[in-house]
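Chain by chain, the residues run as shown.
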Amino acid sequence: MIDDRADVPTATTPDSAPRSVVALVDATSPTERELIGGWLAEGGIAAELGVEAPVTQIDLDASAVATRLVGRRDDPLVVPVRVLWLPAERDGVRRTTFNDLIALSNPRKPHRLMQRRLIAKSPDRHLVLTGQPARLSELRANNPAVAGTAEPFARAVVRAGIVALERAERAVIGDRYKVPRLVAEEILDSPEFLRRLDAIAAHTGTGPREVYRRAEKALKELVAAQSRLVSDLFTQAMRPVHASTWKVDCDPSGLAGLRRLNRRYPLVFLPSHRSYVDAFVLGDALARNDFPPNHVIGGANLGFWPMGPIARRTGTVFIRRSFGDDEVYKAVVEEYFAYLLTKRFNLEWYFEGGRTRTGKLRPPRYGLLNYLAAAIRSRRVDDVMLVPVSITYERLNELGAIATEQSGGVKKPEGLTWLARYVRNQQHSAGHVYLRFGDPLSAREHLAAHDDPLVPDPGFGAPEDPEARDLERKAVQRLAFEVAVGINKVTPITVNALVTLALLGVHERALTLGEVRRVLAPVRDYIERSDLPTGVIDTLSDDHGLAVVLEQLSLARVVTVYRGGLEPVYKIEAGAHLEAAFYRNSAVHWFVNRAILELSIIAAVEAPEGEQLQAGWDTAFRLRDLLKFEFFFPERAEFAERMTAEMLLMDPDWNQRTAAGTVGADILAELTESGFVMAHRVLRSFFDAQLVVADRLAARDGATELDRKQFIDECLAVGRQMLLQQHLHSPESVSSELFTTALKLAENHGLLEVAADPGAAAELRARRRAFADELRLIGTRIARAAALDPSNRLEEL
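Residues numbered from 1 in each chain as written. Predicted model: local features only at pLDDT ≥ 70, side-chain atom pairs only at ≥ 80, totals over all residues. Heavy atoms only, no water.

**Quick look at the overall build of the protein**
Step number 1: Within the protein, the regular secondary structure consists of 34 helices and 18 strands.
Step number 2: Within the protein, counting contacts between residues at least 6 apart in sequence, those at least 24 apart form 78% of the total.
Step number 3: A total accessible area of about 34900 Å² is found for the protein, and carbon and sulfur atoms account for 52% of it. (Helix = DSSP H or I, 4+ residues; strand = E, 2+ residues; numbered from the N terminus. Contact = heavy atoms within 4.5 Å. Areas by Shrake-Rupley, 256 points an atom, 1.4 Å probe, with all protein chains shown as cover.)

**Some words on the sheet that holds strand E17 (residues 559-562)**
Step number 1: The strand order across the open sheet built from three strands is E16-E18-E17, with neighbouring strands paired in antiparallel fashion. Of all strands in the sheet, those with a lone pairing partner are strand E16 (511-512) and E17, marking the two edges.
Step number 2: When E16 meets strand E18 (residues 569-572), the two strands line up antiparallel, connected through two bridges. Looking at E18, one finds that Thr512 is bridged to Val569. (Pairing = 2+ DSSP bridges.)

**Some details on the nonpolar core**
Step number 1: With 123 residues, the main nonpolar core has Phe437, Phe591 and Ile596 as its most contacted residues.
Step number 2: Residues Leu340, Leu386, Leu441 and Leu447 belong to the second largest nonpolar core, which totals 59 residues. (Core = buried A, V, L, I, M, F, W, Y, C linked by side-chain atoms within 4.5 Å. Buried < 20%, exposed > 50% of the residue type's maximum accessible area, 1.4 Å probe, protein only.)

**As for the packing of aromatic side chains**
Step number 1: Under the definition given, this model contains 14 aromatic pairs.
Step number 2: Here the aromatic rings of Phe582 and Tyr583 are separated by 6.3 Å at their centres, their planes lie at 90°, and the arrangement is edge-to-face. Across this residue pair, the class does not change: Phe582 and Tyr583 are buried.
Step number 3: Of the aromatic side chains, those joined through ring pairs into one cluster are Trp617, Phe621, Phe631, Phe633, Phe639 and Phe686.
Step number 4: Of note, Arg320 hangs over the ring of Tyr329, and the distance from its end group to the ring centre comes to 3.8 Å. (Phe/Tyr/Trp six-rings, centres within 6.5 Å; stacked < 30°, edge-to-face > 60°. Lys NZ or Arg CZ within 6 Å of the ring centre and 35° of its normal.)

**Quick look at the side chain of Ser685**
Step number 1: As for its placement among the helices and strands, Ser685 is situated in helix H31 (residues 684-698).
Step number 2: Discounting chain neighbours no more than four positions away, the residues touching Ser685 are Arg584, Glu732, Ser733 and Leu738.

**A few points about the environment of Val516**
Step number 1: Along the polypeptide, Val516 turns up in helix H22 (residues 513-530).
Step number 2: Distance in space between the C-alpha atoms of Val516 and Leu498 is 10.0 Å, their sequence separation being 18 residues.
Step number 3: Val516 has contacts with Leu503, Leu511 and Leu546, leaving out every residue within four places of it along the chain.

**A word on the pairing of E17**
Step number 1: The two faces of E17 differ: Val559 and Val561 on one face are buried, but Thr560 and Tyr562 on the other face are not.
Step number 2: Two strands pair when backbone bridges link them, and E17 and E18 are joined in this way by four bridges, in the antiparallel orientation. In the strand pairing of E18, Thr560 is matched with Lys571.
Step number 3: Remark: six residues form the turn of the hairpin made by E17 and E18, two consecutive strands paired antiparallel.

**Side note on unusual backbone geometry**
Step number 1: Here Arg344, not a glycine, exhibits a phi torsion of approximately 65°, which is positive.
Step number 2: Relative to the assigned elements, Arg344 resides in the loop between helix H15 (327-342) and strand E12 (347-348).
Step number 3: According to the relative accessible area criterion, Arg344 is buried, its value standing at 9%.
Step number 4: Here the phi dihedral of Gln726 falls at roughly 60°; this positive angle occurs in a residue that is not glycine.
Step number 5: Inspection of the secondary structure assignment puts Gln726 in the loop between helix H32 (708-724) and helix H33 (736-748).

**What to know about H22**
Step number 1: Here H22 spans 26 Å end to end across 18 residues, near enough to the 26 Å set by a 1.5 Å rise per residue.
Step number 2: The sharpest bend along H22 measures roughly 30° and falls at Ala521, with the proline Pro522 sitting one to four residues further on.
Step number 3: Taken from the residues just after H22, Asp531 is the one with a positive phi, measuring 55°. (Expected span 1.5 Å × (residues − 1). Bend = angle between axes of the 7 residues up to and from the residue.)

**A closer look at the pattern of salt bridges**
Step number 1: Across all of its chains, the model carries 48 salt bridges by this definition.
Step number 2: Notably, a salt bridge pairs Asp326 with Arg214, separated by 3.1 Å at the nearest N-O pair. Taken as a pair, Asp326 in the loop between strand E11 (316-319) and H15 and Arg214 in helix H10 (residues 208-222) lie far apart in primary sequence, 112 residues in all.
Step number 3: Judged by relative accessible area, which is 22%, Asp326 ranks as partly exposed.
Step number 4: Glu606 is paired through a salt bridge with Arg781; the nearest N and O atoms lie 3.0 Å apart. Pair noted here: Glu606 is in helix H25 (residues 592-606) and Arg781 is in helix H34 (residues 758-788), with a separation of 175 residues, a long-range link.
Step number 5: On the basis of relative accessible area, Glu606 is assigned to the partly exposed category, the value being 39%.
Step number 6: What emerges from the salt-bridge pattern is a single network uniting Arg155, Arg159, Glu186, Asp189 and Lys343. (Salt bridge = Lys/Arg side-chain N within 4 Å of Asp/Glu carboxyl O.)

Here it is, written out as structure tokens:
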């Protein structure tokens, strides 16, 4: 057997031949015992391991092992043995199907009558399997904490035997069937975990038995009991639901490297979250490439019947959304995380904390990353490789519900009705879904680079070091930032992102096919010169391909088409601006620096001579600060380098032009001639939403604490009024998601404080008004940028 803490054997067959062999027999029926007994009698051990020695059979059971093995004075070679049953081979693949269920038997665990029949009719569907052997002395060395006690050591031997057999099975059936066994039992047998429970009991004044009972209950609630049968059947059931909807475009180039890494380190897949289907898309792609199933960390909202029980058996771990001061539950979650990582089971979670409502990445949540960091600091796991994953859809059939939630609608709870509606919606074709893997990040290396002390937690109830905790918190936040950047870096620009980018930038106007193509031409040129990742955007290069994209958006009720004139004209469907913005925003991060550059140029031209360059840089850095909760910007020096590169991309002679330290109006002409103006297309909705929040804050007295939910509702109501009065440009600005992020920005700028006296209240109101005035000035500059855009001048289209 091997040490179940890793896949690297602690021992192989020893150089000196053993005097005896113990076969730990894992059999569930008389038939299996006969098969194993016959195999042993025919010299199976000698043929398999090259060992000639008497063989003793002991059941792979803790009681039998405690009675007949752990007390032995000699040093036998211990070999776990079981019968492996295989499904019938179909098209070169052995996988359980629904047809197998008709026979009322699981092909991987056939009943006794079926076992007899398979031996007679299909001898290729079973084999006697041995796990990695180990000397009894080596098993004691691998479990020093329990080696001196019969029952705990026997349980450890049984666990090691089961794990060794599971790994031997995977060598036959593939890594995609890697599943954990005896998880709760092993955690509850861990001396370290038991000591932590004792500390919690002592600190809280709760009886140790009660604390243990709560931990046991929490583990049963958490642990995903994966089933190979359910995994096979669930994959077959769900694959047709999505096969007719999307064509999955998975870049396999990074998967080979990830598989090599996975031999040494656990992988944590951190995908963008745009749809409920994300986990199916990623899981199916990994299974097709023989990756073991991920443990997917999910919210309890998806635990309803029948999805909850099925999901648990396919690897989903349902964690409570909030567990506050429940120290027992927190300890169980941390221990389970550390256990999975130590055993090198791969994890997957959606670190934005929920599906994006806007189409771009949301700010990350840090809770689960903190558990991962704690496992590394405790030195229970050497390292973890974080894998940024981008999942991008050309179209989403669930987008209407997302837009409704943004505009203030109530999210419909998940349940059977929701599931039926979801399956029905997947019957409509939605084009490509792009699955891309970013460069993996070493969690240990990046935490250390961000000044994490990487020292173990002092233990429950021990005094904390506030400075160390602050360094740990900041290191995890920076690590999350790097994951987000990694996702954005591989997110491709889709055809729908480009088409909605074009149509959202021409306020309430309809464009002909040729006009849309001319708007897109400089954008596509920029994409090519910048070497940005793309989907199948070459289809936009001719009228037919572009017309197909527009017609598909029309069928999705995002674009409306008028055909009664000389030729069809296209515009955003009334009431569909949020849906259109969702598609655009999936790629909007690629154009943010360009948009900031444009507004900085306008600010520089407006500044007095001699102050223009400084005004431009000041504006760029200020816009970076105002948008820091919407986009992921690098540090100040790197941001400056990127802005300079962006300027040189637009004007290669920029350095010569600015040698004198001034900026002339000719740079605006340069911008106009490029035909590529992004500020109004990319940034207007975010700054409009910030203006609504700033205005509503300026209207308050500052002496009362803000009720955030009521305030967001107020912003939605006033935002609709401002839209009707045309004080806002587009309905996409009236979004609870954008208002929530704008409120975080206001809080970051100290605008949510509660004034302690009239003087402080007056000063707070003045700062709020100044903030609103600044946003109005930015809005004026965005309008000026829009006026420079040739697509907003009819004579140039």
